Amino acid sequence: MLSLEIAADVGSGSRERHPNSILYSILSGRNSGYLDGKPDRSRRHNCHCEGTRTVGLKDPKVTYQVASSLMVQTFCFIQGLPSFCQLPSEDQALLLRHCWVHLFVLGLAQQRIALEVTEAPDSSILRQILLGPGLTEQDHHRPTLAEVHRLRTVMNHLWTLGLGPKEYAYLKGALLFNPAVPGLRASTVIRGLQKEAQGALREVVHLLHPGDASRFSRVLLAASSVQSVSHQLVSQLLLKPVLHDTFYIY
């Protein structure tokens, strides 16, 4: 069994003194018109330059702390699944690398975390002058309004559904156990785990909303939209101190 109901509450009381090495290496690997969490209706974003305006967090210190805590809770949720821990270690790493952003975004939505951003000046030329030619491709990426808008759209979609803890738990399981991830050794087992999670989700949805025949399909559609959020946005906007080792997840 997936034991997702138990795992749904795991993490808020768990704390690690140092980042898990597998998770840390995974994290380190390789739309528009929203500021301060509200739509800016005074602008019509009809040109590409509007969507590519770079942004930063309005209150980075607080948001980084919240995101760090949520990352720990997400990893504790995964570690609390016996079916995941029994998979080959190589498959565990592949699933984590592919799915951690999706589960993290579900956690943002579940905790109803509002992201307040502000426009950031384009300092790429100055950075190149100060830091020299050693900049990596990842260093050049700056979160944009379009990406933040996409993330907020996904979260608003989930909020509109009003998902409960059990629905979120089984939805996380359905996204985690993805047999389509390339290179899996136990893809048949993982496919079975995904079907089990989806079946449990269907039962919970029908139990909680017996008169809403289309809800299950809408929940799955919302889950698919989570996959449109980029790894770079989450890592650079919300988890940059963790990636740059300025503090530990604890």
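Above this text sits the structure in question.
Just so it is clear, the model here is predicted, and its values are computed rather than measured.

Visitor: Looking at this structure, how should I read the overall build of the chain?
Guide: Within the chain, the regular secondary structure consists of 14 helices and four strands. The burial tally for the chain puts 46% of its 250 residues in the buried class. Summed over all atoms, the accessible surface of the chain reaches about 12,900 Å², with 53% contributed by carbon and sulfur.

Visitor: Quick question: what am I supposed to make of the packing of helix α11 (residues 187-208) against helix α12 (residues 215-226) here?
Guide: Helix packing geometry: the angle between the two helix axes and the distance between the axes. Between α11 and α12, the shortest axis-to-axis distance is 9 Å and the interhelical angle comes to 130°. Here α11 lies oblique to α12, going by the angle between them. Of the two elements, α11 crosses α12, and the hand of that crossing is right-handed. In this structure, α11 uses Gln 198, Leu 201, Arg 202, Val 205 and His 206 to contact α12, whose residues at the interface are Arg 215, Phe 216, Val 219 and Leu 220. Per-class residue counts for the contact of α11 with α12 are five nonpolar, two polar and two charged.

Visitor: Whenever I open this one, the side chain of Arg 53 confuses me. Can you help?
Guide: You can see Arg 53 is positioned in the loop between α3 (48-51) and β3 (55-57). On the basis of relative accessible area, Arg 53 is assigned to the buried category, the value being 16%. A polar side-chain atom of Arg 53 sits 2.7 Å from a polar atom in the side chain of Glu 119.

Visitor: Teacher, can you tell me more about the packing of aromatic side chains here?
Guide: The description of an aromatic ring pair rests on the distance of the ring centres and on the angle between the ring planes. Scanning the model with the defined rule gives one aromatic pair in all. A centroid spacing of 6.4 Å and a plane angle of 70° characterise the contact between Trp 100 and Phe 104, whose relative ring orientation is edge-to-face. Residue Trp 100 and its partner Phe 104 are both found in helix α6 (residues 89-110); the two are separated by four residues, about one turn of the helix. Note on Phe 104: relative accessible area 0%, which makes it buried. Above the plane of the ring of Phe 77 lies Lys 172, whose end atom (NZ or CZ) is 5.2 Å from the centre.

Visitor: What exactly am I supposed to notice about the pattern of salt bridges here?
Guide: When the charged atoms of two side chains with opposite charge come close together, those side chains can pair. Tallied over the full model, the rule gives four salt bridges. When the shortest N-O distance is used, the salt bridge between Arg 185 and Glu 90 registers 3.1 Å. Of the two residues, Arg 185 sits in the loop between α10 (165-176) and α11 while Glu 90 sits in helix α6, which places them 95 residues apart along the sequence. With relative accessibility at 59%, the residue Arg 185 sits in the exposed group.

Visitor: Explain helix α13 (residues 231-238) here, please?
Guide: Each α-helix turn comprises 3.6 residues. Residues three or four places apart therefore point the same way. For α13, a buried count of six out of eight residues is recorded, marking the element as mostly surrounded by other parts of the structure. Residues Leu 233, Val 234, Ser 235, Gln 236, Leu 237 and Leu 238 constitute the buried set of α13.

Visitor: What's the story with the packing of helix α9 (residues 145-161) against α12 in this structure? I'm lost.
Guide: The contact between α9 and α12 brings their axes to 9 Å, and the two run at 160°. It follows that α9 is roughly antiparallel to α12 by the angle criterion. The two elements α9 and α12 cross, and the hand of that crossing is left-handed. Counted together, Val 154, His 157, Leu 158 and Leu 161 of α9 and Arg 215, Arg 218, Val 219, Leu 221, Ala 222, Ser 225 and Val 226 of α12 form the full contact between these two elements. Here the contact of α9 with α12 is built from residues that sort into seven nonpolar, two polar and two charged.

Visitor: Would you mind showing me how to read the environment of Leu 239 here?
Guide: Secondary-structure assignment places Leu 239 in the loop between α13 and α14 (240-243). Given the relative accessible area of 0%, Leu 239 is considered buried.

Procedures and definitions
- Residues numbered from 1 in each chain as written.
- Predicted model: local features only at pLDDT ≥ 70, side-chain atom pairs only at ≥ 80, totals over all residues.
- Heavy atoms only, no water.
- Helix = DSSP H or I, 4+ residues; strand = E, 2+ residues; numbered from the N terminus.
- Buried < 20%, exposed > 50% of the residue type's maximum accessible area, 1.4 Å probe, protein only.
- Areas by Shrake-Rupley, 256 points an atom, 1.4 Å probe, with all protein chains shown as cover.
- Axes fitted to C-alpha atoms, helices over the stretch in contact; angles between N-to-C directions.
- Parallel < 35°, antiparallel > 145°, perpendicular 65-115°, else oblique.
- Left-handed = near helix turned anticlockwise from the far one by under 90°.
- Contact = heavy atoms within 4.5 Å.
- Nonpolar A, V, L, I, M, F, W, Y, C, P; charged D, E, K, R; others polar.
- Polar contact = N/O pair within 3.5 Å; in protein donor to acceptor, adjacent residues only side chain to side chain.
- Phe/Tyr/Trp six-rings, centres within 6.5 Å; stacked < 30°, edge-to-face > 60°.
- Lys NZ or Arg CZ within 6 Å of the ring centre and 35° of its normal.
- Salt bridge = Lys/Arg side-chain N within 4 Å of Asp/Glu carboxyl O.

Distances and angles like these do not, on their own, reveal function.
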